[in-house]
Amino acid sequence: KQAEESGKKLLLPVDVRVATGMDFDAKTVEGEVEVVKSDAIPADKMGLDIGPETEKAYAAAIEQATSVFWNGPMGVFEIKGLEQGTKTVAEALTKVDGLSVVGGGDSASAVRALGFDDDQFGHISTGGGASLELMEGKELPGIAVLKENN
């Protein structure tokens, strides 16, 4: 409601990839991966990645943006079959005609594991949580020191 009142569009997943479970250490999915509507995830399934319709919507919004700050993979990109959402978002970031920032260690690992080069993005930061706090307007210790010295 707050986004709508301020004229902003908030994009939420409309579909997700689900499975009965996963074994992260073995990098396998339990059962078949299916795509379901995000408001219809069966009780015996886990949401493990965004679905293809969500990928399209996110990619379209990202490609139209002039600046993008991305923090966090879209799914369990480390497991084959669950990497597509993250890959689609990363690919869209490479097309931004402005600043694209990949924030957080997991996101940095994801783009590299999926075959992207660091120079395809404006900046890659491993400080995801700190970066989000900075975006919120919180003053971080290093920033305070910089201000004092300038």
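Higher on the page you've got the structure.
Residues numbered from 1 in each chain as written. Predicted model: local features only at pLDDT ≥ 70, side-chain atom pairs only at ≥ 80, totals over all residues. Heavy atoms only, no water.

Q: What's the story with the sheet that holds strand E8 (residues 123–125) in this structure? I'm lost.
A: Sheet strands pair by backbone hydrogen bonding; their relative direction is either parallel or antiparallel. On the basis of which strands lie adjacent, the open sheet formed by three strands has the order E6-E7-E8 and parallel pairing. Where the open sheet ends on each side, the last strands, each with one partner, are strand E6 (67–71) and E8. Mean inter-strand twist for the sheet, computed between neighbouring axes without regard to direction, equals 15°. Strand direction decides the pairing type here: strand E7 (residues 99–103) and E8, joined by three bridges, are parallel. Within E8, the residue paired with valine 101 across the bridge is histidine 123. (Pairing = 2+ DSSP bridges. Helix = DSSP H or I, 4+ residues; strand = E, 2+ residues; numbered from the N terminus. Axes fitted to C-alpha atoms, helices over the stretch in contact; angles between N-to-C directions.)

Q: Explain the pattern of salt bridges to me, please; I cannot follow it from the model alone.
A: Think of it this way: side chains of opposite charge can pair up when their charged atoms draw near. Within the structure shown, the criterion is met by eight salt bridges. Salt-bridge contacts for glutamate 136 lead to lysine 138; the nearest nitrogen and oxygen are separated by 3.5 Å. Several salt bridges converge on common partners, so that one network encompasses Arg17, Asp49 and Glu55. (Salt bridge = Lys/Arg side-chain N within 4 Å of Asp/Glu carboxyl O.)

Q: Looking at this model, I keep getting lost on the environment of aspartate 15. Mind explaining?
A: Looking at the element boundaries, aspartate 15 is found in strand E1 (residues 15–19). Judged by its relative accessible area of 5%, aspartate 15 is buried. In sequence terms aspartate 15 and valine 36 are 21 residues apart; their C-alpha atoms lie 5.5 Å from each other. At 3.0 Å, the side chain of aspartate 15 and the backbone nitrogen of glutamate 53 are in polar contact. (Buried < 20%, exposed > 50% of the residue type's maximum accessible area, 1.4 Å probe, protein only. Polar contact = N/O pair within 3.5 Å; in protein donor to acceptor, adjacent residues only side chain to side chain.)

Q: Can you walk me through the nonpolar core in this structure?
A: Soluble globular proteins tend to bury their nonpolar side chains together. Residues Ile62, Trp70, Leu93, Val102, Val111 and Phe121 are the most contacted members of the largest nonpolar core, which totals 17 residues. Among the secondary structure elements, those contributing two or more residues to this core are helix H2 (52–64), E6, helix H3 (84–93) and helix H4 (105–113). Sort the elements by how many residues they give to this core and H3 lands first, with four residues. Counting residues in hydrophobic clusters, the runner-up holds five residues, among them Ala19, Leu48, Val76 and Ile79. (Core = buried A, V, L, I, M, F, W, Y, C linked by side-chain atoms within 4.5 Å.)

Q: Sorry, what's going on with the sheet that holds strand E4 (residues 34–37) here?
A: The three strands are arranged E4-E1-E5 in an open sheet whose pairing can be described as antiparallel. For this open sheet the edge positions go to E4 and strand E5 (46–50), each flanked by a neighbour on one side alone. Across the sheet, the mean angle separating the axes of adjacent strands is 45° when strand polarity is ignored. Across four bridges, E1 lies against E4 in antiparallel orientation. In the sheet register, arginine 17 faces E4, and the bridge partner there is valine 35. Lying on the sheet, H2 is in contact with E1, E4 and E5; it crosses E1 at an angle near 140°. Running over the sheet, H3 touches E1 and E5 and is turned about 25° from E5. (Contact = heavy atoms within 4.5 Å.)

Q: How do you make sense of the side chain of threonine 88 when you look at a structure like this?
A: Within the secondary structure, threonine 88 is located in helix H3. Taking the relative accessible area as the measure of exposure, threonine 88 reaches 17% and is therefore buried. Discounting chain neighbours no more than four positions away, the residues touching threonine 88 are Glu55 and Ala59.

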